[in-house]
Amino acid sequence: YIYMRGEFTVQQRSMDAALAEARAAGYVGKDVMGSGYGVDIWTHKGAGAYICGEESALLESLEGKRGYPRNRPPFPAIVGAFGCPTVVNNIETLSNVPHIINRGAAWYKAIGPEKSPGTKLVCVSGHVNKPGLYELPMGTPMKEIIYDIGGGILGGKTLKGVIPGGSSFPVLNKEEAERAIFDFDSMRTIGSAMGSGVIIVMDNDTCMIDMLLATARFYHHESCGQCTPCREGCGWIEKIMTEMEAGQGKLEQLELLNNISDNMVGNTICVLADSIAMPVKSYVTKFRDEFEAHIRLGRCPFKTTSAQQAA
Ligand code: SF4
């Protein structure tokens, strides 16, 4: 099964057309190339829930049920789709296989660093001149991704920070981002992760309170609600960030944010709770001055108020 997110209608059409061609050519079906070996492939679209990217929620959704992550064990390799042993892989991973078989492992391992060989799809978004999806060798310096491949910071501004692997991983400040190397080990060393390879670049005018509020709102909305630390924690974080954004934040809420996050990490069925808790801690630690300024001023230091505009 190729499980696709609910919004991917165009992509599903393309994939189905490709599968029809492969079936007509005898590469897919009950009797592949007359070998007597049968393998069929179907696309399956979810209904738009972020949590269905988590492998066990994906399996539930594939089986036609609500996309709730499963308790483990048993792991999918033992009891997966429809009760059968199942391997769940990202299609980006599988797409490497034909190239490795055709050109050999040595060819593949020659790309990128020794411990993280190969290429990675990197989605560069945010305040850059050339946002887009790029296939890059593992180990590409983040500086190159931002300033060369991404074309530099939009509008001649400077870099403030980078969310390196999708919103669920710790944010990097300018200094960390500019020395980061984009591969598994290097990103771990710097205290973050490559994650999905979705890089969000933020310029010096970005309000980190705004960013964290948007992130918290998303995870609160997407929490499936099975686990108390996630269901309640996401809601509390969103509530605090909403107050802070409205200029009603208090300094003690910074410790409260850390405390809530500590109680979420590792205490839930899946890692969605960690996915907001870890960013929260990183924002509060790395941009504490900005949070404190926001609280002290009762407004965003980066945005002009209507009173200031009138003056
Ligand atoms: S951590 Fe959150 S999303 Fe994951 S199972 Fe628990 S409540 Fe659901």
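Above this text is the structure in question.
Computed from a predicted structure; not experimentally measured.

### Focus: the site of the ligand
Phase 1: As a matter of local geometry, the ligand sits amid 13 residues, with Cys-224, Gln-226, Cys-227, Cys-230 and Cys-270 nearest to it.
Phase 2: Among the residues making up the shell around the ligand, the classes are represented as nine nonpolar, four polar and no charged.

### Quick look at the packing of helix H9 (residues 208-222) against helix H12 (residues 272-286)
Phase 1: In the contact formed by H9 and H12, the axes pass within 10 Å of each other and the chain directions differ by 170°. With respect to their mutual orientation, H9 and H12 come out roughly antiparallel. Together, Met-208, Met-211, Leu-212, Thr-215, Ala-216, Tyr-219 and Glu-222 of H9 and Leu-272, Ser-275, Ile-276, Val-280 and Tyr-283 of H12 make up the contact between the two elements.
Phase 2: The residue makeup of the contact of H9 with H12, split by class, is nine nonpolar, two polar and one charged.

### Comments concerning helix H6 (residues 142-149)
Phase 1: Within H6 the residues assigned to the buried category are Met-142, Ile-145, Ile-146 and Ile-149. One side of H6 carries all its buried residues, which in axial view fall inside an arc of 125°.
Phase 2: Of the residues one or two after H6, Gly-151 is the one with positive phi, at around 80°.

### With respect to the packing of aromatic side chains
Phase 1: Within the structure shown, the criterion is met by six aromatic pairs.
Phase 2: Plain terms: the ring middles of Tyr-1 and Phe-82 are 6.1 Å apart, the flat faces sit at 50° to each other, and that makes the pair tilted. Of this pair, Tyr-1 sits in the segment before strand E1 (2-4) while Phe-82 is found in the loop between helix H2 (55-62) and helix H3 (91-94), placing the two residues 81 residues apart along the sequence.
Phase 3: The exposed category is assigned to Tyr-1, whose relative accessible area is 54%.
Phase 4: Taking the relative accessible area as the measure of exposure, Phe-82 reaches 48% and is therefore partly exposed.
Phase 5: Between Tyr-50 and Phe-218, the aromatic rings sit 4.9 Å apart at their centres with planes inclined by 75°, giving edge-to-face as the arrangement. Separated by 168 residues along the polypeptide, Tyr-50 in the loop between strand E2 (43-45) and H2 and Phe-218 in helix H9 bring together distant segments of the chain.
Phase 6: Take Tyr-50: its relative accessible area is 35%, and that puts it in the partly exposed class.
Phase 7: For Phe-218, a relative accessible area of 31% corresponds to the partly exposed category.
Phase 8: Through a chain of ring-to-ring contacts, the aromatic side chains of Tyr-1, Trp-42 and Phe-82 assemble into a single cluster.

### Topic: unusual backbone geometry
Phase 1: Cis geometry marks the peptide bond from Arg-72 to Pro-73, where omega comes out at -5°.
Phase 2: Note that Pro-73 resides in the loop between H2 and H3.
Phase 3: Residue Pro-74 follows Pro-73 across a cis peptide bond; omega there is 0°.
Phase 4: With respect to the element layout, Pro-74 can be found in the loop between H2 and H3.
Phase 5: The phi torsion at Met-33 lies on the positive side, around 50°, for a residue other than glycine.
Phase 6: The phi dihedral of Phe-82 is positive, around 55°, even though this residue is not glycine.

### Considerations on the pattern of salt bridges
Phase 1: Taken as a whole and judged by the stated rule, the model has 21 salt bridges.
Phase 2: For Glu-243, the salt bridge identified is with Lys-239, shortest N-O distance 3.4 Å. You can see Glu-243 and its partner Lys-239 sitting in helix H10 (residues 228-245), four residues apart, about one turn around the helix.
Phase 3: A salt bridge links Arg-288 to Glu-292; the shortest N-O distance between them is 3.0 Å. Taken together, the residues Arg-288 and Glu-292, both in helix H13 (residues 288-297) and four residues apart, mark about one turn of the helix.
Phase 4: For Arg-288, a relative accessible area of 27% corresponds to the partly exposed category.

### As for the environment of His-221
Phase 1: Of note, His-221 is situated in helix H9.
Phase 2: Each C-alpha atom of the pair His-221 and Glu-238 lies 9.9 Å from the other, and the pair is 17 residues apart in sequence.

### Some remarks on the pairing of strand E3 (residues 119-126)
Phase 1: Across six bridges, the pairing between E3 and strand E4 (residues 132-137) is antiparallel. For Leu-121, the partnering residue across the bridge sits in E4 and is Glu-135.
Phase 2: Hairpin connection between E3 and E4: a loop of five residues separates the two successive antiparallel strands.
Phase 3: Here four bridges tie E3 to strand E9 (residues 198-203), and the two strands are oriented parallel to one another. For Cys-123, the partnering residue across the bridge sits in E9 and is Val-198.

Criteria and thresholds
Residues numbered from 1 in each chain as written. Predicted model: local features only at pLDDT ≥ 70, side-chain atom pairs only at ≥ 80, totals over all residues. Heavy atoms only, no water. Near = heavy atom within 4 Å. Nonpolar A, V, L, I, M, F, W, Y, C, P; charged D, E, K, R; others polar. Axes fitted to C-alpha atoms, helices over the stretch in contact; angles between N-to-C directions. Helix = DSSP H or I, 4+ residues; strand = E, 2+ residues; numbered from the N terminus. Parallel < 35°, antiparallel > 145°, perpendicular 65-115°, else oblique. Contact = heavy atoms within 4.5 Å. Buried < 20%, exposed > 50% of the residue type's maximum accessible area, 1.4 Å probe, protein only. Arc of directions from axis to C-beta. Phe/Tyr/Trp six-rings, centres within 6.5 Å; stacked < 30°, edge-to-face > 60°. Salt bridge = Lys/Arg side-chain N within 4 Å of Asp/Glu carboxyl O. Pairing = 2+ DSSP bridges.

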